[in-house]
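# Secondary and tertiary structure notes
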Amino acid sequence: MPRPLDHARRAELLDGVIAYIADHCLAEVSLRPLADYLGTSSRMLIHYFGTKEAMMVAALETHRPDIGALFANVDSLDTLRTRLLESFTLNTTGDGAASLRVLLQVLGAATVPDSPLRPFATQAIEAVVTPLAESLRRIEPRLDDPESAATLLVSGMRGLIQDWWITGDTARVERAVRKLVDGAVARN
């Protein structure tokens, strides 16, 4: 009879997976060094998650912010701009940074044909674009194409966050974030 899952330990492991991948590279993740880092065995990781890919997806899902809540009470374009700029700061230097570093690696890995991470990556993109588009539709009904504006904002912010992490050019990237937000929500 298989050992029952210790849900508290599983949650602790998922936090550790995010920290490990954020500090290392997704492409270099193998179970044995990860298990050593987590203070467990590769056999126990398989017991808890089944596969390395399933473990990564579970870790990311537990760290996904509630995007719908982030935009739920946005009632104006000014509030939306402020919320997006706050989100940029939170995701580059705050609590969301480690999870976003891992997500960006997963999105890159999902571009490989037949990647087992593609379904998760697709869902992760939709989980941000859909509530943002709904918010845009609600606060600016004259906006021609809320879905493409949300896509531009999400993809643009993702690219700008990568730029900021790579170059460290905070001033230039923050100016670009403001231009991106203003351009994406401009009425056509």
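Located above this text is the structure these notes cover.
An account of the accompanying structure is given in this report. (Residues numbered from 1 in each chain as written. Predicted model: local features only at pLDDT ≥ 70, side-chain atom pairs only at ≥ 80, totals over all residues. Heavy atoms only, no water.)

## Overview of the layout of surface pockets
Definition in use: A cavity here means a set of 1 Å grid points, computed over protein atoms only, where a 1.4 Å probe fits but cannot escape. A pocket is an open set with protein on both sides within 12 Å along at least 5 of 7 lines, and lining residues have an atom within 4 Å of a point. Grid points are joined across faces, edges and corners, and a volume is the space filled by probe spheres set on the points. By the criteria applied, helices consist of DSSP H or I runs no shorter than four residues and strands consist of E runs no shorter than two, each listed in order from the N terminus.
In this structure, the largest pocket encloses a volume near 680 Å³. Forming the boundary of the largest pocket are 29 residues, of which Pro65, Ile67, Asn91, Leu100 and Val128 lie nearest the centre. It is helix H8 (residues 118-139) that provides the largest number of residues to the lining of the largest pocket, a total of six residues.

## Side note on the packing of H8 against helix H9 (residues 146-167)
Working note: a packed helix pair is described by the angle between its axes plus the distance between those axes. Here is the rule we go by: Fitted lines through C-alpha atoms serve as axes, helices being fitted only where they are in contact, and the angles separating the N-to-C directions of these axes extend from 0 to 180 degrees. Orientation labels follow simple angle bins: below 35 degrees gives roughly parallel, above 145 gives roughly antiparallel, 65 to 115 gives roughly perpendicular, and whatever is left gives oblique. Note on convention: near helix rotated counterclockwise from far helix by under a right angle means a left-handed crossing. Clockwise means right-handed. Note on contacts: a residue pair is in contact if any heavy atoms of the two residues lie within 4.5 Å. Think of it as three bins: nonpolar holds Ala, Val, Leu, Ile, Met, Phe, Trp, Tyr, Cys and Pro, charged holds Asp, Glu, Lys and Arg, and polar takes everything else, Gly as well.
One way to put it is that H8 packs onto H9 with a least axis distance of 8 Å and a crossing angle of 130°. Taken together, the axes of H8 and H9 are oblique relative to one another. Considering only the axes of H8 and H9, their crossing is right-handed. Listed contacts from H9 to Ile125, Val128, Val129, Leu132, Ala133, Leu136 and Arg137 of H8 are Pro146, Glu147, Ala149, Ala150, Thr151, Leu153, Val154 and Arg158. Partitioned by chemical class, the residues of the contact of H8 with H9 number 11 nonpolar, one polar and three charged.

## Remarks on the side chain of Arg9
Selection rule: Under this definition, polar contacts are N or O atom pairs within 3.5 Å; protein pairs additionally need one hydrogen-donor-capable and one acceptor-capable atom, and for neighbouring residues in sequence, both atoms have to be side-chain atoms.
With respect to the helices and strands, the residue Arg9 is situated in helix H1 (residues 7-23). There is a polar contact of 3.1 Å between the side chain of Arg9 and the backbone oxygen of Leu38.

## A closer look at the pattern of salt bridges
Formally: When a carboxyl oxygen of Asp or Glu is within 4 Å of a side-chain nitrogen of Lys or Arg, the pair counts as a salt bridge. Under the scheme applied here, a residue whose accessible area is under 20% of the maximum for its type counts as buried, over 50% as exposed, and between as partly exposed, the area being computed with a 1.4 Å probe on protein chains only.
The full count for this structure, using the stated rule, is seven salt bridges. For Arg81, the salt bridge identified is with Asp78, shortest N-O distance 2.9 Å. Separated by three residues within a single helix, Arg81 and Asp78 lie in helix H6 (residues 77-93), roughly one turn from each other. The class for Arg81 is partly exposed, based on a relative accessible area of 24%. We note a salt bridge from Asp182 to Arg81, for which the minimum N-O separation is 2.5 Å. Of the two residues, Asp182 is situated in helix H10 (residues 170-184) and Arg81 in helix H6; the sequence distance between them amounts to 101 residues. Here the salt bridges share partners, and the residues they tie into one network are Asp78, Arg81 and Asp182.

## Concerning the nonpolar core
What counts is decided by this rule: Grouping buried Ala, Val, Leu, Ile, Met, Phe, Trp, Tyr and Cys residues that are joined through side-chain atoms within 4.5 Å yields what is termed a nonpolar core.
By size, the foremost hydrophobic cluster in this structure holds 62 residues, and its most contacted members are Leu45, Leu80, Leu136 and Leu153. Setting aside anything within four residues of it in sequence, one finds Leu153 in contact with Leu84, Leu132, Leu136, Leu180, Val181, Ala184 and Val185.

## Quick look at the environment of Asn73
Mapped onto the elements of the fold, Asn73 is located in the loop between helix H5 (67-72) and H6. Looking at Asn73, the relative accessible area reads 53%, which means it is exposed. Linking Asn73 and Pro131, residues 58 residues apart in sequence, is a C-alpha distance of 12 Å. Among the polar contacts made by the side chain of Asn73, one reaches the side chain of Arg83 at a distance of 3.1 Å.

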